[in-house]
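# Close look at the chain arrangement
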Amino acid sequence: MEEGKRNSAGVFTHLERLEAQAREIAVKQEKMKQEEEKRARLKARVRELRLQRDKLLAKVRLQKKKLREKRAMSDPAKSGARAVLEWKIKNIKAMLQVSYVTGINGKRTKQGVCFCISTAYESTYLDSYYVHLLVKPEVQIHQHSVPTFIPLEQIAKMYLQTDIGRFLSVLSDHLNAYAGRKYQADQLQEHFSDQIEGTLQRNSLCNLLVFNYKVSSKSKTFPFNARLLYGDLCCSLPTEVNVSCTPDAPASLAEMAAAHSDLFSRVALHKAFRSFSSDEESMDGAP
Amino acid sequence: MDNSICQVYEDEIQSLEEEIKLLAEKYEDSQQESTFFSDEEILMSIKSFQRESEGHESLSDLITQLESLETDLSFLKKFTGIQFTSHFKEIVEKTTNRTVRKHRLSGNCYSLSFQLEFQLLEMQNKENVSAVVTDLGIVMESGEDSDMSKFVSSTEEHGNLLRFFRSLSSYAEWYEHRRCTFLHFKGKYPDIVTLPEGLLGDYIVLRNPKHSGLELMIVWKIHIDEEGRTTPVLDLLTKVPEQVLEQKMATIENAPACFRSMLLLFGIEAALENLIKVVGLEK
């Protein structure tokens, strides 16, 4: 009796094991089937895309050939009035789209006009800001995304009623100078953090920067403290620069601090630091 | 093993999709750029279209759309002085979030015309599009001006396209202002004011019609520095007969200095007007 029970228990476990195996195999097969299908699907997609690509390639080649043979394929009589207008619409749309590179772009709206002022530092375009003006009953600012620390109200008071062009141009000067100062400080933090000690302190307008940085001389490093004040808010170079070293530093370092101070007032901050590192390299490389 | 096969397929699909997008855009671009219709041809098309389109809503929609876009374009010119007259673009490189396009733009800013060529790398981030200018080339009509050519080459070197437009705008505005001022005084005092180089020249000559010999030349230059800051610079040159010079040496010698302080006190227009009146009175 006991024996039988044990036997049947053994059979059951065996059966269960077999069942589990069968299930496993079924799952595996299902998975393989799914993978097979996925592979087939991907393969088909690849084939389809290759075909599409080849067709396009042929079209582009044919277009090039045509262009070589006959430069202008623009005969309005042949193209039809609709094609001519559609071409012109596309052309103007592209011009309006690229207008942002001038720094001032705008679009008429129902109630007035929405100007977009872009900023750049040298070749890099940075943030852009919008100013939505209402024109009736008098010109006024409806909405804008200009940061609060830019003296927008003051600029508006001076120019908005008399000369919108001047208003935009002065606002653009302020925004670009701010963007330029911020960009320099950001670049300094990003690329020269190993030379900066502690944190670089700046106000929201980025017209006051204070930071400490390390200067190495004769395989020793010394701390320098820099304070840059940008008095002209339409300018991204400082008007007042103060670089100091600790009182116990050797005299040559005091000279160096003066040289740095001079450099900071003439050259963009990150460029000045770049020139320090290249100076060091050339000194290290010297025999 | 299986996974890696799928991966290979997926990679190929992605690169094919990117290639197709690039080719399609290239095709579209050069289809647009290989065509050119003059303003006359467009006007003719609009006219023929208006005849046909009576009753066709989709056709008149197209005309309305075109007119609205043209208003947008001339509207911008009103505030910046800048107007594009032609634009060509060509796609150079494209991936999911980077596009490099070559642009050729020509246009004018008030009376000064420019031609530009540059590449624009546009990157799509999560929040916004950032752009970088490379290979900037600028041709200005007023190429002889050494100030301007220095500014242009510094701009080209740094790829500072935005500053170029902002500075050009204020430079050209001064240019326009000078032209209008010369025109105004030529119209108001035609006997006294002469413009040897025309309205676009940088000087005028004042002469009393009854007394030949005395001549005042007002030179009005517009300076632009490498940073793009523009300033007007006015100077007075005198040409006086010798017998007069002997008598009124001091007055004549002081004239340029007086003129400069007059400029500071009254501004350009009033200083010029005063000077013209004085020349007119001279006995």
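Predicted model, so just to flag it, every value in this text is computed and none were measured. (Residues numbered from 1 in each chain as written. Chains lettered and ligands numbered in written order. Predicted model: local features only at pLDDT ≥ 70, side-chain atom pairs only at ≥ 80, totals over all residues. Heavy atoms only, no water.)

### What to know about the overall build of chain B
Keep this limit in mind: Numbering of helices and strands runs from the N terminus; a helix is a DSSP stretch of H or I covering at least four residues, while a strand is a stretch of E covering at least two. Partly exposed describes any residue whose relative accessible area lies between the buried limit of under 20% and the exposed limit of over 50%, with all areas from a 1.4 Å probe on protein chains only and scaled to the type maximum. Here, two residues are considered to be in contact whenever any of their heavy atoms come within 4.5 Å of each other. Calculation of accessible area relied on Shrake-Rupley with a 1.4 Å probe; when residues are assessed, cover is drawn exclusively from the protein chains displayed.
A count of helical and extended segments in chain B gives 8 helices and 8 strands. In chain B, buried positions account for 43% of the 283 residues. Looking at chain B alone, contacts between residues at least 24 apart form 43% of all its contacts between residues at least 6 apart. Summing over all exposed atoms, chain B offers an accessible surface of approximately 15,600 Å²; the carbon and sulfur share of this is 52%.

### Side note on the overall build of chain A
Rules: Only C-alpha atoms enter the radius of gyration, while the globule expectation follows 2.2 Å times N to the 0.38, with N the number of residues. Only four residue types enter the charge count: Lys and Arg as positive, Asp and Glu as negative, with His and the chain ends excluded. For this purpose, a charge sits on NZ of Lys, CZ of Arg, CG of Asp or CD of Glu.
When helices and strands are tallied, chain A shows 7 helices and 8 strands. At 35 Å, chain A has a C-alpha radius of gyration far larger than the 19 Å of a compact globule built from 287 residues. Viewed in the frame of its principal axes, chain A has a C-alpha envelope of about 100 × 80 × 55 Å. For chain A, contacts bridging at least 24 residues in sequence account for 39% of all contacts bridging at least 6. Within the structure as shown, chain A displays about 17,600 Å² of accessible surface, and the carbon and sulfur contribution to it stands at 53%. For chain A, the distance from the average position of its 45 positive side-chain charges to the average position of its 33 negative side-chain charges is 13 Å.

### Description of the packing of helix α4 (residues 152-159) of chain A against helix α5 (residues 164-191) of chain A
Residue and element names in this part refer to chain A. The condition that has to hold: In this description, a line fitted to the C-alpha atoms serves as the axis of each element, helices being fitted only across the stretch in contact, and the angle between N-to-C directions of two axes falls anywhere from 0 to 180 degrees. By definition in this entry, angles of less than 35 degrees are roughly parallel, angles greater than 145 are roughly antiparallel, angles of 65 to 115 are roughly perpendicular, and the rest are oblique. Crossings are assigned a handedness: left-handed for a near helix turned anticlockwise from the far helix by less than a right angle, right-handed for a clockwise turn. Think of it as three bins: nonpolar holds Ala, Val, Leu, Ile, Met, Phe, Trp, Tyr, Cys and Pro, charged holds Asp, Glu, Lys and Arg, and polar takes everything else, Gly as well.
Close contact between α4 and α5 brings their axes to 9 Å; oriented N to C, the two are set at 155 degrees. Between α4 and α5, the angle is such that the two are roughly antiparallel. Where α4 crosses over α5, the two elements pack in a sense that is right-handed. From α4, L152, I155, A156 and Y159 reach across to α5, where they touch I164, R166, F167, V170, L171 and H174. Partitioning the contact of α4 with α5 into residue classes produces 8 nonpolar, 1 polar and 1 charged.

### Description of the side chain of K94 of chain B
All names here are of chain B. Short version of the rule: We define a polar contact as two N or O atoms separated by no more than 3.5 Å, with the added condition that, inside protein, one atom must be a possible hydrogen donor and the other a possible acceptor, whereas residues neighbouring each other in sequence contribute only through side-chain atom pairs.
With respect to the helices, strands and loops of the structure, K94 is situated in strand β1 (residues 82-94). With relative accessibility at 18%, the residue K94 sits in the buried group. At 3.3 Å, the side chain of K94 and the side chain of E25 are in polar contact. Aside from chain neighbours lying at most four places away, what touches K94 is K21, L22, E25 and T99.

### Quick look at the interface of chain A and chain B
We apply this condition: For any pair of parts, buried area is found by adding up, for both, the accessible area (1.4 Å probe) each one loses once the two are put together. When a carboxyl oxygen of Asp or Glu lies within 4 Å of a side-chain nitrogen of Lys or Arg, that pair is called a salt bridge. Two strands form a pair only when DSSP identifies at least two bridges running between them.
The interface is formed by 68 residues belonging to chain A together with 68 residues belonging to chain B. Broken down residue by residue, the surface that chain A buries against chain B is led by L85, W87 and R108 of chain A, which jointly contribute 11%. For the pair chain A and chain B, the number of links is 8 salt bridges. Along the contact surface separating chain A from chain B lie 16 residue pairs in polar contact (both at pLDDT 80 or more). If you list the elements that add at least two residues to the side of chain A that touches chain B, you get α1 (2-69), α2 (76-79), α3 (81-98), β1 (104-108), β2 (112-121), β3 (124-134) and α5 of chain A. Counted by class, the side of chain A that touches chain B contains 29 nonpolar, 18 polar and 21 charged residues. Sheet analysis places β3 of chain A next to strand β4 (residues 129-140) of chain B, joined by 2 bridges and oriented antiparallel. Residue Y125 of chain A lies in a different strand from β4 of chain B, and its bridge partner there is A131 of chain B.

### Structural notes on the pattern of salt bridges
Tallied over the entire structure, the rule returns 28 salt bridges over all chains. The closest approach of N and O atoms between K90 of chain A and E28 of chain B, which form a salt bridge, is 2.9 Å. Here the residue K90 of chain A occupies a position in helix α3, and E28 of chain B occupies one in helix α1 (residues 2-33), the pair thus bridging two chains. By relative accessible area, E28 of chain B is classed as partly exposed at 40%.

### Focus on the pairing of β3 of chain A
Residues and elements named next belong to chain A. Relative to β3, β2 runs antiparallel, the two being bridged by 9 bridges. Bridging from a neighbouring strand, I117 pairs with Y129 of β3. Between the antiparallel neighbours β2 and β3 lie 2 residues, among them E122 with a positive phi of about 50 degrees. Both β3 and strand β4 (residues 140-144) contribute to a ladder of 4 bridges, which runs antiparallel. Across the sheet, L134 pairs through a bridge with Q140, a residue of β4. In this structure, the hairpin formed by β3 and β4 is closed by a connection of 5 residues.

### Thoughts on the packing of helix α4 (residues 146-158) of chain B against helix α5 (residues 161-188) of chain B
Residues and elements named next belong to chain B. Here α4 crosses α5 at 160 degrees, and the two axes come no closer than 10 Å. By the angle between their axes, α4 is roughly antiparallel relative to α5. The way α4 lies across α5 gives a crossing that is right-handed. Contact residues: M148, F151, S154 and T155 in α4; R163, F164, S167, L168 and Y171 in α5. Of the residues that constitute the contact of α4 with α5, the class distribution is 5 nonpolar, 3 polar and 1 charged.

### Thoughts on the side chain of T102 of chain A
Relative to the helices and strands, T102 of chain A resides in the loop between α3 and β1. Within the local environment of T102 of chain A, its side chain forms a polar contact with the backbone oxygen of S99 of chain A, the two atoms lying 2.8 Å apart. Here the side chain of T102 of chain A touches I104 of chain A through a polar contact of 3.1 Å, landing on its backbone oxygen. Those residues within four positions of T102 of chain A in sequence are excluded, and the remaining contacts are I82, F84, L162, F165 and R166 of chain B.

### Looking at the pairing of strand β6 (residues 208-217) of chain A
Residue and element names in this part refer to chain A. Judged by which residues are buried, β6 turns out to be one-sided: L209, F211, Y213, V215 and S217 face inward and are buried, whereas L208, V210, N212, K214 and S216, on the alternate face, are not. The sheet contact formed by strand β5 (residues 196-202) and β6 spans 4 bridges and is antiparallel. If you follow I196 over to β6, its bridge partner there is Y213. Where β6 and strand β7 (residues 220-229) come together, 10 bridges link them in antiparallel fashion.

### Remarks on the UniProt feature "coiled-coil region" (unreviewed entry) in chain B
Quick note on the threshold: UniProt positions are given in the numbering used here, feature names are shortened, and annotations may be inferred rather than shown by experiment.
Annotation from UniProt places "coiled-coil region" (unreviewed entry) at residues 6-33 of chain B. Between the first and last C-alpha atoms of residues 6-33 of chain B the distance is 40 Å; the span itself is 100% helix and 0% strand.

### Side note on a nonpolar patch on the surface
To keep it simple, the criterion reads: Only residues whose relative accessible area exceeds 30% and that form no salt bridge enter a patch; like-charged residues are grouped when within 9 Å of one another, and nonpolar side chains (Val, Leu, Ile, Met, Phe, Trp, Tyr) when within 5 Å.
A surface patch of nonpolar side chains, about 390 Å² in accessible area, is lined by V11, F12, L15 and L18 of chain A. Looking at F12 of chain A, the relative accessible area reads 53%, which means it is exposed.

### Considering the sheet that holds strand β8 (residues 230-239) of chain B
All names here are of chain B. Strand order in the open sheet made by the 4 strands is β5-β6-β7-β8, with antiparallel pairing throughout. Two strands close off the open sheet at either side, each with one partner strand: β5 (193-194) and β8. Note that β5 and strand β6 (residues 203-207) share 2 bridges and pair antiparallel. Across the sheet, T194 pairs through a bridge with V205, a residue of β6. The sheet contacts of helix α8 (residues 268-281) involve β5, β6, β7 (215-224) and β8, and relative to β7 the element is tilted by about 165 degrees.

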